[in-house]
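Remarks on the overall topology
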Amino acid sequence: MRASRAVVMVGGLLALATMPWWARDQYQLHLAALIGVYWILIAGLNLIVGYSGQLSIGHVGLLAIGAYAFAILTGRYEWSPWIALMASGGIGALCGLLLGLPSLRLPGFYFAMATLAFALIVTEISLAQGDLTGGGTGLSVPGFTAPFDTPGGFHALILSVAALITWLTWNVARFMWGRALIAVRDSVVTAQAVGVPVFRAKLLVFVFSGLTAGVAGALFASLQSYITPDTFVFELGLFFFVCIIIGGRGTIVGPLIGTAVLTALPEIVAPLARWSTFFYGLLLLAVVLLVPEGIGHVVEIVRARWKPRSLQSFAVTPDAARLARCLRADPER
Amino acid sequence: MISLAAKTVTKVFGGLTALSEVSIEVRPGEIHGLIGPNGSGKTTLLNALSGYYLADAGRVTLGEADLTRDSVQRRAFAGVARTFQKPRLLPTLSVIDNVMLGGWPAVRSTFFGTALSWLRARREERTLRARAEELLHGVGLAQVMTRRASLLEHAEQRFAEIARGLMASPRFLLLDEPAGGLTPHEIEQLGVVIRTVRDAGIGVLLVEHHTDFVFRLSDRVTALDLGRVIRQGTPAEVRHDAEVIRVYLGA
């Protein structure tokens, strides 16, 4: 089971890494890069939505901030794109902190509304501050330096960053912080009882998701080579959220599949291009009705249905000697 | 000797005085039973000790330390663990993950250190997992270690919550009606676990309706009625107290 999963992962990574050589056209490569950029944002957002259970639908605002920061720093101030990429991440993290501080205390839907308002405000500011952002006309964005200035090279850069971010979120998810975040999502009372600082945990994750959104924004701007406020419509923020819901909560691979499928959807249904929004809706409806746990949990669900594990019942029989040994070995006493 | 104590604690909800100048001291290595009719303030007192309610007057202390204004989390770090009347496990996590969560106060890894998988995070993970496995064997749940918590039977949930509470090596363990919904056989097993915890030097507060169980297990008992302490003493003293018999035990 573990070995087969590793094979799938390594195989998938190899297939993606060699894509510049086997992709049929530039558009496919662009699409793969776009999936990678979206995933960099969604991987961070997944810790907020899928693990901590905070419904942010406004991360497109953080994406826009990262994108504009990169475009302005490289274009206007002629910074090195590498420094600008890191600065975009930093600015994204800072904005995440400023947004999270007041809003993360709000319950459920009120928090979602706050993030929505944030995204709308960012769009308005990018329109109003024409001197800096080019207003409605937008900005052209420089690319990266060689060897990352070709589509193939840029693809490799995005893939590397995406792999790094995925690894970071996977570490958070599998260790104690992952359990703590799920406690924040499923039972605040339990989280408190074991000592998890609920607000601080949410804020840290939110700052982290701001960082990934800022980095994603920089790469996104460079990939699109031209950005306007219309690039960052509110629907995009909802799209990120839906990728996670379709993928499933509390998993990383599910939202990854969700991101890939939903981003590539217009391409998959290319002959029916005008229907792509219809298929988007249909897919969302199908997942919510048929596998509400998300496609990341399909394997478990199918397995549980076909091979129901017999939940053998047994009498709870404590082993007092072993328990005593365990309690005596306490380091603190 | 470090005791967990409420000192003349008063808690008022609207016009209702749920606790009125209640004092109680739980000593290390003793089982302190807390009994009383419904609405007498047992769970309110437990919540005041664990920090879910802040006392309107009076103090909560742990040895010399004043916990009165401390949050639930700070009290957990100070060594006060608890269980709930209705077990609160995280349904999507396995039993061992739930128990490991209880080890949070021992975690020193920062969020970003964990993200970078620093050696310390991995070492902590190994230590906590080993301890959680031992505790689960100890309370008798080794067979369901990897099962999703949502699939546990009621008694299993109760024992898993106790294991989670013991994960952080607490000084005091507050149990809110742990025998509720258990069969007589399971109650016996619960008694074994609680006595073992007591013998390890941990102070246990046992809030319970099951009076036979409380009198059999406890070293000292406090009886509450209408938010007031009506009697405190050994099980024998409390059991034969005229007031206790009148309001709670019946003739």
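Let us look at the structure shown here. (Residues numbered from 1 in each chain as written. Chains lettered and ligands numbered in written order. Predicted model: local features only at pLDDT ≥ 70, side-chain atom pairs only at ≥ 80, totals over all residues. Heavy atoms only, no water.)

For the rest of this paragraph, the subject is the environment of L45(A). All names here are of chain A. Along the chain, L45 turns up in helix α3 (residues 26-51). Residues L45 and A6 lie 39 residues apart in sequence; the distance between their C-alpha atoms is 24 Å. Excluding its chain neighbours within four sequence positions, the residues that come into contact with L45 are G50, S56, H59, S209, F240, F241 and I244. (Helix = DSSP H or I, 4+ residues; strand = E, 2+ residues; numbered from the N terminus. Contact = heavy atoms within 4.5 Å.)

So, about helix α12 (residues 234-247) of chain A. All names here are of chain A. Along its 14 residues, α12 runs 20 Å from first to last C-alpha, staying within 8% of the 20 Å computed at 1.5 Å per residue. Among the 14 residues in α12, ten count as buried, and that is most of the element. Those residues of α12 that are buried lie in contact with α3, α4 (59-76), α13 (253-268) and α14 (276-290). Directly beyond the C-terminal end of α12, a positive phi value near 110° is found at G248. (Expected span 1.5 Å × (residues − 1). Buried < 20%, exposed > 50% of the residue type's maximum accessible area, 1.4 Å probe, protein only.)

This part is about unusual backbone geometry. Within the chain, S225(A) stands out as a residue other than glycine whose phi angle is a positive 60°. Within the secondary structure layout, S225(A) lies in the loop between α11 (198-224) and β2 (226-227). Taking relative accessible area as the criterion, S225(A) reaches 39% and is therefore assigned partly exposed. In this structure, L226(B) takes a positive phi of about 50° despite not being glycine. The topology assignment puts L226(B) in the loop between β9 (220-225) and β10 (228-233). Note on L226(B): relative accessible area 65%, which makes it exposed.

Here we come to the pairing of strand β2 (residues 16-26) of chain B. Sheet topology note: the strand β1 (residues 4-13) of chain B/β2(B) ladder contains seven bridges and is antiparallel. Following the sheet pairing, V12(B) is matched in β2(B) by T17(B). (Pairing = 2+ DSSP bridges.)

Residue and element names in this part refer to chain A. At a closest axis distance of 7 Å, the pairing of α12 and α13 adopts a crossing angle of 125°. When the axis of α12 is compared with that of α13, the two are oblique. Considering the relative orientation of α12 and α13, their crossing is right-handed. For the pair α12 and α13, the contacting residues are F239, V242, C243, I244, I246 and G247 in the first and G254, P255, G258, T259, L262 and T263 in the second. Here the contact of α12 with α13 is composed, by residue class, of seven nonpolar, five polar and no charged. (Axes fitted to C-alpha atoms, helices over the stretch in contact; angles between N-to-C directions. Parallel < 35°, antiparallel > 145°, perpendicular 65-115°, else oblique. Left-handed = near helix turned anticlockwise from the far one by under 90°. Nonpolar A, V, L, I, M, F, W, Y, C, P; charged D, E, K, R; others polar.)

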